Every structure is written in structure tokens, then in C-alpha cells.
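Notes for the structure review
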Amino acid sequence: MMPYDVEVSAGDGITPPVALAEVAAAVRAVLAGEAVPEAEISVALLGDEAIAKLNERYLSHEGPTDVLSFPLHADGAPPLGDIYVGVDQARRQADEIGVPVREEVLRLAVHGTLHVLGYDHPEGAGREDCEMYRRQEELLGSVLSR
């Protein structure tokens, strides 16, 4: 077992649509899948109000979002980062694309972890065709098939 320190929590008043242990396992699966030797990642599941405050404070974007990632490690250091998943937004997206909300929350945890590891994607058109999205869906598939 790789030395991964993964902590998952749910914000006040949040009833997670997926077990916190399952979110932690998804983060660990990404780290293992990317052959990361050690890492420390925290994931917080938040409601619209809490994630909207973070989105405005740190990215100057208004309103709730689905996921925010903050890589906190120096170049060459083991990955260290905080990920915030907007559960209410995940519910809306899951309804929109016709997937279970559990799957969408796990997708966002995978997405956030890839950002912490240095992956990035373009905004707007073509976003779903980039390497990060392809890797995200591969990793998510392996997480969901467990």
C-alpha cells in the first residue's frame, strides 16, 4: 500500500450521496493509477453556499461550482492539496447528464485529484476531448467497476 494520507469530510448540513470512504478510495485509485509514491490530499463535500464563497474568494467567480482544487506543494515535493466538491452542483449535473449523483461526485473527486497532480484542461469547447478528461474517465471507470 502506498503512503497516501487522504481525508474526506462533509460540510455542515451536507448528507453525502456517496460514502466518504468511497471518495477516499477514488482519490487513492487516482494516485496509484498515476504512480504517485506518496501524497496528502483532503476532500471536502460542500453545499452551494460554502463552495460559492470559496469560488468567489479564490477565483473571483460568482456562484457555486462543481469542484475546486488547490495544489499546495512545491515543485518536486510529494503532492499536497485540498479539493472541494460542490454536492448540490454535482446533483444538478448528474440529473442533466443522466448519471447517478454518486458517480458524479466520484468523477469530481477524480477530476480534482488530477488537478492537484498538475493536469489541466482548456475552458469551453473541446474540453471533453483533452488528455485530462480522457484520463479522468479511464480512472473513474476503474473506480466504478470495483
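A brief look at the structure comes next. The shown structure was predicted, so the numbers you read here are calculated from the model rather than taken from an experiment.

1. Considering the pairing of strand β1 (residues 4-10)
The pairing of β1 with strand β2 (residues 39-46) spans 7 bridges and is parallel. By the bridge assignment, Val8 is partnered in β2 with Val43. You can see the chain leave β1, run along helix α1 (residues 20-33) and come back into β2, and the turn it takes is left-handed.

2. So, the sheet that holds strand β3 (residues 67-71)
Across the sheet, which stays open at both edges, the 4 strands sit in the order β1-β2-β4-β3 with mixed pairing between neighbours. In the strand order of this sheet, the two ends are held by β1 and β3, each with one partner. For this sheet, the mean inter-axis angle between neighbouring strands, taken without regard to orientation, is 10°. Relative to strand β4 (residues 80-86), β3 is paired through 5 bridges, and the arrangement is antiparallel. Bridging from a neighbouring strand, Leu68 pairs with Tyr84 of β4. On top of the sheet, helix α3 (residues 87-97) reaches β2 and β4; it is set at about 60° to β4, its chief contact.

3. Some remarks on the pattern of salt bridges
Evaluated as defined, the whole model comprises 9 salt bridges. Between Arg135 and Glu34 there is a salt bridge whose closest N-O contact spans 2.5 Å. Of this pair, Arg135 sits in helix α5 (residues 131-144) while Glu34 is found in the loop between α1 and β2, placing the two residues 101 residues apart along the sequence. Two residues, Glu138 and Arg135, come together in a salt bridge whose shortest N-O distance is 2.7 Å. Of this pair, Glu138 and Arg135 both sit in helix α5, 3 residues apart, roughly one helical turn. Through salt bridges with shared partners, one network takes in Glu103, Glu104, Arg107 and Glu137.

Analysis parameters
- Residues numbered from 1 in each chain as written.
- Predicted model: local features only at pLDDT ≥ 70, side-chain atom pairs only at ≥ 80, totals over all residues.
- Heavy atoms only, no water.
- Pairing = 2+ DSSP bridges.
- Helix = DSSP H or I, 4+ residues; strand = E, 2+ residues; numbered from the N terminus.
- Right-handed = clockwise from strand over helix to strand, strands pointing away.
- Axes fitted to C-alpha atoms, helices over the stretch in contact; angles between N-to-C directions.
- Contact = heavy atoms within 4.5 Å.
- Salt bridge = Lys/Arg side-chain N within 4 Å of Asp/Glu carboxyl O.

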